[in-house]
Amino acid sequence: MRTGVIDNEGPPRVGSNQFACLQGDARRSLALAGMIRRLLLWDIDGTLVHAGGMGGQVFDDALIAAYGDLREIRIVMSGKTDPQIVREYLEALGVPAEAATVAALLEAAERGLAAGVDRMKVRGHTYPGVPELLERLAGDERIINSVLTGNTVANAKLKLATFGLDRWLDLDVGAYGSDDADRTRLVEVALGRGRERYGSAGSPLTPGDAWVIGDTPLDLACARAGGARCLLVGTGRYPASELGALGAEAVVENLADADAVAKLLTGDL
Ligand SMILES: [Mg+2]
């Protein structure tokens with residue numbers, strides 16, 4: 001297990017309020033110069049934010065509205081994509097998981113989350129160090145700071161905006177549960193978007209340039225399938241002591257030491 005031991009002089013910094021400027025032509029110019037060498041793909045639930053139980057509640061509500069009774073069926077949601085969660089519920093209920101059925105339930109869950117933003121804001125929170133860390137990394141011009149999440153794109157954007165984290169993330173490059181129900185395919189989706197948006201023929205982004213940062217064994221499986229490195233964080237369902245045995249490049253209890261985590265993710269650049 002590697003920890004944040006890499007020592008360097010720190011990344012080149014620009015004011016974080018200039019990050020938006022770096023999303024456009026300026027960042028593309030850096031890409032053409034081969035300066036963008038890292039794609040950071042943050043999981044959302046259990047890693048950046050605790051959504052106050054709303055993430056799971058909206059699926060229960062959508063399924064109860066459609067089928068009346070979940071018969072005490074409970075699906076472990078951590079690390080799974082939103083369409084995967086819906087399909088597993090339908091399977092447990094004995095309902096065929098037709099594409100239209102899954103889509104309708106996902107839309108109902110999205111409406112439920114949008115209607116519950118105020119409750120999410122009150123009940124939920126970001127994890128220690130997360131805003132500071134994202135702000136710091138967003139100011140590093142060598143990095144594309146984005147997400148890889150099982151949330152649909154709508155749910156992802158809503159959760160991140162609710163806790164004020166979207167300002168530091170390039171969400172056009174992210175990969176989402178709405179892109180593929182199979183999380184293990186999502187690193188390639190994000191890499192493709194990164195290349196498309198900031199591609200450089202001379203030095204294209206490679207899987208080795210990507211880090212997946214998440215809180216479950218499924219985040220690690222996703223990183224491995226895509227050839228990315230993986231940092232696991234013990235703030236979700238699984239404690240760091242349990243995640244430590246899985247063989248990720250690094251495991252931390254939480255993201256509170258923003259300096260050490262930033263060095264871990266960028267120290268070899
Ligand atoms: Mg998670």
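Residues numbered from 1 in each chain as written. Predicted model: local features only at pLDDT ≥ 70, side-chain atom pairs only at ≥ 80, totals over all residues.

Let us look at the overall build of the chain. Within the chain, the regular secondary structure consists of 12 helices and 7 strands. A buried classification covers 44% of the 269 residues belonging to the chain. For the chain, the proportion of contacts with a sequence separation of at least 24, taken over those separated by at least 6, is 69%. (Helix = DSSP H or I, 4+ residues; strand = E, 2+ residues; numbered from the N terminus. Buried ≥ 20, exposed ≤ 12 C-beta atoms within 10 Å, placed from the backbone. Contact = placed C-beta atoms within 7 Å.)

This part covers the sheet that holds strand β4 (residues 143–147). Strands sit in the order β4-β1-β5-β6-β7 across an open sheet of 5 strands; the sheet is parallel. Strands at the two margins of the open sheet, each flanked by one partner only, are β4 and β7 (250–252). Strand-to-strand twist across the sheet, computed as the mean angle between neighbouring axes with direction ignored, equals 20 degrees. Here strand β6 (residues 229–233) pairs with β7 via 3 bridges, running parallel. In the sheet register, Val233 faces β7, and the bridge partner there is Val252. (Pairing = 2+ DSSP bridges. Axes fitted to C-alpha atoms, helices over the stretch in contact; angles between N-to-C directions.)

Below, the discussion takes up helix α9 (residues 186–198). With 13 residues, α9 extends 18 Å between its outermost C-alpha atoms, agreeing within 8% with the 18 Å of an ideal straight helix rising 1.5 Å per residue. Those residues of α9 lying buried are Leu186, Val187, Ala190, Leu191, Arg193, Gly194 and Tyr198. Mapping the buried residues of α9 onto a view down its axis gives an arc of 165 degrees, with all of them on the same face. (Expected span 1.5 Å × (residues − 1). Arc of directions from axis to C-beta.)

As a further point, take the packing of helix α3 (residues 54–67) against helix α5 (residues 99–115). One can describe the packing of α3 onto α5 by two numbers: an axis separation of 8 Å at closest approach and a directional angle of 125 degrees. For the element pair α3 / α5, the angle class is oblique. Considering how the two elements wind past one another, α3 and α5 form a crossing that is right-handed. Counted together, Met54, Val58, Phe59, Asp61, Ala62, Leu63, Ala65 and Ala66 of α3 and Leu105, Ala108, Ala109, Gly112 and Leu113 of α5 form the full contact between these two elements. Considering only residue class, the contact of α3 with α5 consists of 11 nonpolar, 1 polar and 1 charged. (Parallel < 35°, antiparallel > 145°, perpendicular 65-115°, else oblique. Left-handed = near helix turned anticlockwise from the far one by under 90°. Nonpolar A, V, L, I, M, F, W, Y, C, P; charged D, E, K, R; others polar.)

Now for the nonpolar core. Most often, soluble globular proteins keep nonpolar side chains buried together rather than apart. In terms of nonpolar packing, the biggest core is built from 72 residues, with Leu40, Leu41, Val187, Trp211, Val212 and Leu231 touching the most fellow members. Two domains each provide a minimum of three residues to this core, namely domain 1 (16–50 + 125–266) and domain 2 (54–122). (Core = buried A, V, L, I, M, F, W, Y, C linked by C-beta atoms within 7 Å. Domains from an automatic or database assignment.)

Now for the environment of Asn155. Tracing the backbone through its elements, the reader meets Asn155 in helix α8 (residues 153–162). Judged by the 27 C-beta atoms lying within 10 Å of it, Asn155 falls in the buried class. In this structure the C-alpha to C-alpha distance between Asn155 and Asp82, which are 73 residues apart in sequence, comes to 9.3 Å. Apart from residues lying up to four places away in sequence, Asn155 is in contact with Asp82, Glu110 and Leu113.

On average, residues of the chain score 89 in pLDDT, and 86% of them reach the 70 mark or higher. Across residues 1–21 the pLDDT falls below 50, and counting only partners more than four positions away or on other chains, this stretch makes 32 contacts in the model. (pLDDT = per-residue confidence, 0-100.)

This paragraph deals with the packing of helix α7 (residues 130–138) against helix α12 (residues 258–266). Put simply, α7 and α12 touch, their axes get as near as 9 Å, and they point 40 degrees apart. Judged by the inter-axis angle, α7 sits oblique to α12. Between α7 and α12 lies a crossing whose hand is right-handed. From α7, Glu132, Leu133, Arg136 and Leu137 reach across to α12, where they touch Ala258, Val261 and Ala262.

This part covers α5. The terminal C-alpha atoms of α5 lie 24 Å apart, and with 17 residues this matches the ideal 24 Å at 1.5 Å per residue to within 8%. Every buried residue of α5 is accounted for by Leu105, Leu106, Ala109, Glu110 and Leu113. Taken around the axis of α5, the buried residues stretch over an arc of 145 degrees, which confines them to a single face. Summarising the geometry of α5, the exposed residues directed more than 90 degrees from the buried face are Ala100 and Ala115. Against α3, α4 (82–93) and α8 lie the buried residues of α5.

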